[in-house]
Amino acid sequence: MCGIIGYVGDDNATGYLVSGLEKLEYRGYDSAGIAVIENGKIDVIKSKGRLKALEEKIQAQSGFASGTVGIGHTRWATHGEPSDANSHPHLSKSGLFAVVHNGIIENFSFLKEKLISQGYEFKSETDTEVVAHLLEKNYDGDLLKAVKKTADALEGSYALGILCRDYPDEFVCVRRSSPLIVGISEKGNFIASDITAILSYTNNIYKLNDGEIALLSKSGVKFYDKYLQPLEKSITHIDWDISAAEKCGYEHFMIKEIMEQPEAVRATISPRIRDDGTIALDGVSLTKKELLALNRIYIVACGSAYHVGVVGKYVIEKLTRIPVEVDIASEFRYRDPIVDGNTLVIIISQSGETADTLAALRMAKAKNARVLSVVNVVGSSIASESDDVLYTWAGPEIAVATTKAYSTQLCMMYILAIHMAEEMGRIAHDETRRLLSSLMAIPEKIEDILRLSADIEETAKLFKDLEHAYFIGRNIDYAIALEASLKLKEISYIHSEAYGAGELKHGTISLIEPGTMVVALACVDELFPKTMSNIKEVKARGARVLCVTTAKHSEELKDIDYTLIVPDTDNLLIGSLEVIPMQLLGYYVAKHRGCDIDKPRNLAKSVTVE
Ligand code: F6R
């Protein structure tokens, strides 16, 4: 999705803007641009395509932008095709204002028609250009008043960075339902759509709430509420290291992040497990009484986070015996789910900003549900609006395809499930201790699997020229099949589907023909014989089968074409191990197909529009 950066300080702004945009590339984009105030006017350079094209244009324009105030943007097209004209920043009629925007202005057609009837001409198809013209129309010499009046007229979601020619030493930002932070540093002051853009300069940020406005100059930042009343805000320190947002010698962020999983999981679980085998759940204030009163739990998320939810359902139901439904956020929010004061809604999100997930959270709260979120980004909208927050400590995740955030979310769900079950008296303390000790051993077992990367790369070569692949499994194996299939398809562009292994013969088995590749996940002990029967069914129709199972079943695999063995652990936790070779498989297949692994086509890291 689109990315925003803005800078004001003593230095030439262009360097900061371009380097910030480079850090935002991971979010996915199809054009980029910057605007800088200089010699009494706003200079804009923008270009369709990768940032390199923009940089070449900047270099070609000798003397461009030595100004010290500027804004920049990477655009992921929503209104209008990717083109130079549709790229941000957009200028107002006389060039008085320049605007970068993330989000969607829902009433833009209405506003555009009105502006056209008043003589404003549009150079792009974007909703954003409306904002630039409106600012100029609403301006009477007072920048903040123009920003307020314009923001009041907008419906939808926006994070806006705004330059005004009359204010050559300052710039403004405002947001509603689209993330934006303000960062302060010795080098100058920044705005950014996420902290990775400015992590090289600062870990100290202010998070803007809906409707808030910030006026940035090199000497500081002033904050205002939506009525333009001055605000005091406190700094949030983000404990992320810049090296976590850089490749550090790895070929891709995705493989770096896969390799970081033992550490990320350790960082997430260790602070929550005390030496005496009890759980310390910071951020969760649900009492035993509240837990016992729950009538149901919904787990709501999108994409891979939803797949974590599918595992979560199995684990929570098994341990607590509370009914759990897992929902895709974009479905949940529009299906009038049965939610009341005794419903717990668990929201899972790496970014904490996914538009549908955030909207689902708000709907659940409006229906009086208790909302607990599992989030990776501190201070994100989902974290801020939840009743209880469990942070995953995965650090910044840059590759579009999630790996370490997924693994940490999974572990957070186990801890939550065990905690709830013990609080409710549904499992004995000895069982808690046993499960927690198995959980503590997971990072080391992930390390063992990562040591097998070279073998998994060999296996991946079998997939290189495939057009289709099928993943099957039962119970937690099925939940992991969903994620394994997504990992493969989203980065290698091989069509793949995941099925409950018992479901195949209700339709999909007709697609199996000689040579079809089927990946069978068969790690859940009690279902191993059942999945083996399903393997026989597809093999009888000519499929080649790659079976992923645990060490204890390794002797039972004769007649299977290819195998990947993961260490044994408690069945409830096995997903954390079997997903690792599946991430590596997706990665190496994509690598051998020459795909753009960290930035797969059409995808964005943080999906902040509906
Ligand atoms: C796939 C992937 C996505 C995200 C989904 C939710 O590899 O990363 O499916 O899981 O877009 O994003 P968050 O977790 O930020 O809400």
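Residues numbered from 1 in each chain as written. Predicted model: local features only at pLDDT ≥ 70, side-chain atom pairs only at ≥ 80, totals over all residues. Heavy atoms only, no water.

**A few points about the overall build of the chain**
Working step 1: In terms of regular secondary structure, the chain is built from 19 helices and 25 strands.
Working step 2: Against the compact-globule benchmark of 25 Å for 610 residues, the chain has a radius of gyration of 25 Å, which places it among compact chains.
Working step 3: Considered along the principal axes of its C-alpha atoms, the chain spans approximately 75 × 55 × 45 Å.
Working step 4: For the chain, contacts bridging at least 24 residues in sequence account for 72% of all contacts bridging at least 6.
Working step 5: With an accessible surface of roughly 22,700 Å², the chain has 48% of that area assigned to carbon and sulfur atoms.
Working step 6: Across the chain, 67 positive and 85 negative side-chain charges occur, with their mean positions spaced 2 Å apart. (Helix = DSSP H or I, 4+ residues; strand = E, 2+ residues; numbered from the N terminus. Rg over C-alpha atoms; globule rule 2.2 N^0.38 Å. Contact = heavy atoms within 4.5 Å. Areas by Shrake-Rupley, 256 points an atom, 1.4 Å probe, with all protein chains shown as cover. Lys, Arg positive; Asp, Glu negative; His and termini not counted. Charge placed at Lys NZ, Arg CZ, Asp CG, Glu CD.)

**Remarks on helix α17 (residues 476-492)**
Working step 1: Between its first and last C-alpha, α17 extends 24 Å over 17 residues, near the 24 Å set by a 1.5 Å rise per residue.
Working step 2: Among the 17 residues that make up α17, 15 are buried, leaving the element largely enclosed by the rest of the structure.
Working step 3: Y493 occupies a position one or two residues after α17 and carries a positive phi of about 65°. (Expected span 1.5 Å × (residues − 1). Buried < 20%, exposed > 50% of the residue type's maximum accessible area, 1.4 Å probe, protein only.)

**Here we look at the site of the ligand**
Working step 1: Taken together, the neighbourhood of the ligand is formed by 14 residues, with S349, Q350, S351, T354 and E490 sitting nearest.
Working step 2: Between the ligand and S304, the relevant distance is 3.1 Å, taken from an oxygen atom to a main-chain nitrogen or oxygen of the residue.
Working step 3: Backbone polar atom of A305 to an oxygen atom of the ligand: 3.5 Å apart, as the coordinates give it.
Working step 4: If the ligand stood free it would expose 410 Å²; the protein chains cover 89% of that surface.
Working step 5: When atom positions are compared with the pocket grids, the ligand is found to occupy the largest pocket.
Working step 6: At the level of elements, α9 (303-320) and α17 are the ones that each hand at least two residues to the shell around the ligand.
Working step 7: Of the residues in the shell around the ligand, the class split is five nonpolar, seven polar and two charged. (Near = heavy atom within 4 Å. Polar contact = N/O pair within 3.5 Å; in protein donor to acceptor, adjacent residues only side chain to side chain. 1 Å grid on protein atoms, 1.4 Å probe; cavity = no way out; pocket = protein on both sides within 12 Å on 5 of 7 lines; lining within 4 Å. Sits in = over half its atoms within 2 Å of the grid points. Nonpolar A, V, L, I, M, F, W, Y, C, P; charged D, E, K, R; others polar.)

**Describing the sheet that holds strand β14 (residues 230-231)**
Strands pair in a sheet through their backbones, by hydrogen bonds, and they do so in one of two ways: parallel or antiparallel.
Working step 1: A sheet is described by the order of its strands in space; here seven strands give the open sequence β5-β6-β7-β8-β12-β13-β14, paired in antiparallel fashion. Looking at which strands have only one partner, the edges of the open sheet turn out to be β5 (90-91) and β14.
Working step 2: Judged from the five bridges that link them, strand β7 (residues 158-164) and strand β8 (residues 170-176) form a sheet pairing that is antiparallel. Along β8, the bridge assignment pairs G161 with C173. (Pairing = 2+ DSSP bridges.)

**A closer look at the sheet that holds strand β16 (residues 296-301)**
Working step 1: As summarised here, the arrangement of the five strands in space is β17-β16-β18-β19-β20, forming an open sheet in which the pairing is parallel. Two strands bound the open sheet, and with one partner strand each, they are β17 (324-328) and β20 (388-391). When strand polarity is set aside, the average angle formed by the axes of neighbouring strands in this sheet is 20°.
Working step 2: Bridge count for β16 against β17 is five bridges, and the pairing is parallel. Among the inter-strand pairings, A301 is bridged to a residue of β17, identified as I328.
Working step 3: Along the sheet, helix α11 (residues 355-366) makes contact with β16, β18 (343-349) and β19 (370-375), crossing β18 at roughly 165°. (Axes fitted to C-alpha atoms, helices over the stretch in contact; angles between N-to-C directions.)

**Structural notes on the packing of helix α15 (residues 442-450) against helix α19 (residues 575-592)**
Working step 1: It is the contact of α15 with α19, at a shortest axis distance of 10 Å, that shows an interaxial angle of 30°. As judged from the angle between their axes, α15 and α19 are roughly parallel. Where α15 crosses over α19, the two elements pack in a sense that is right-handed. Residue-level inspection shows I442, K445, I446, I449 and L450 of α15 in contact with α19, the latter providing S576, L577, I580, P581 and L584. (Parallel < 35°, antiparallel > 145°, perpendicular 65-115°, else oblique. Left-handed = near helix turned anticlockwise from the far one by under 90°.)

**Details of the pairing of β19**
Working step 1: With six of six residues buried, β19 lies mostly within the body of the structure.
Working step 2: Here β19 shows a buried face lined by R370, L372 and V374 and a second buried face lined by V371, S373 and V375.
Working step 3: As paired elements, β18 and β19 share six bridges and run parallel to each other. Counted as the bridge partner of V345 is V371 from β19.
Working step 4: Bridging between β19 and β20 involves four bridges; their strand directions are parallel.

**Focus on the pattern of salt bridges**
Working step 1: Applying the stated criterion across every chain, the model contains 36 salt bridges.
Working step 2: Linking E385 and R362 is a salt bridge whose minimum nitrogen-to-oxygen distance equals 2.6 Å. Of this pair, E385 sits in helix α12 (residues 381-385) while R362 sits in helix α11, placing them 23 residues apart in sequence.
Working step 3: For R362, a relative accessible area of 29% gives the class partly exposed. (Salt bridge = Lys/Arg side-chain N within 4 Å of Asp/Glu carboxyl O.)

**As for the environment of K591**
Working step 1: Position of K591 among the secondary structure elements: in helix α19.
Working step 2: When the C-alpha atoms of K591 and K464 are compared, they prove to be 9.0 Å apart, with 127 residues separating the residues in sequence.
Working step 3: Non-local contacts of K591, meaning those with residues more than four positions away in its chain, are made with E251, E457 and I597.

**Overview of the packing of aromatic side chains**
Working step 1: With the rule as written, the count across this model stands at 10 aromatic pairs.
Working step 2: Ring plane angle 15° and centroid distance 4.1 Å describe the contact between Y7 and Y16, whose orientation is recorded as stacked. As far as burial versus exposure is concerned, Y7 and Y16 are alike and both buried.
Working step 3: What links up through ring pairs into an aromatic cluster is the set Y7, Y16, F190 and Y201.
Working step 4: Here K93 stacks its cationic end above the ring of Y120, 4.7 Å away from the centre of that ring.
Working step 5: R601 extends its terminal NZ or CZ atom over the ring of Y493, reaching a point 3.8 Å from the ring centre. (Phe/Tyr/Trp six-rings, centres within 6.5 Å; stacked < 30°, edge-to-face > 60°. Lys NZ or Arg CZ within 6 Å of the ring centre and 35° of its normal.)

**A word on the packing of α17 against α19**
Working step 1: Running from N to C, α17 and α19 cross one another at 15°; their axes reach a closest spacing of 8 Å. With respect to each other, α17 and α19 are oriented roughly parallel. In terms of crossing hand, the pair formed by α17 and α19 is right-handed. Taken together, the residues of α19 that come into contact with α17 (itself represented by I476, D477, I480, E483, A484, K487, L488, I491 and S492) are G575, E578, V579, M582, Q583, G586, Y587, V589 and A590.

**Regarding helix α16 (residues 453-461)**
Working step 1: When α16 is considered as a whole, its buried residues turn out to be S453, I456, E457, T459 and A460. Here the buried residues of α16 occupy an arc of 160° about the axis, which is enough to place them on one side.
Working step 2: Turning to α16, the residues buried within the fold contact α6 (253-259), α15, β24 (544-550), β25 (562-566) and α19. (Arc of directions from axis to C-beta.)

**Things to note about the nonpolar core**
Working step 1: Of all hydrophobic cores here, the largest spans 126 residues; its most connected members are I297, I346, L439 and F463.
Working step 2: Those residues in contact with F463 that sit more than four places away from it in its chain are A469, L488, I494, M517, V519, L546, L585, V589 and R593.
Working step 3: Within the second largest apolar cluster, 31 residues are counted, among which are L134, Y158, C164 and V172. (Core = buried A, V, L, I, M, F, W, Y, C linked by side-chain atoms within 4.5 Å.)

So, to be careful, I would describe these as geometric facts and stop short of saying anything about function.
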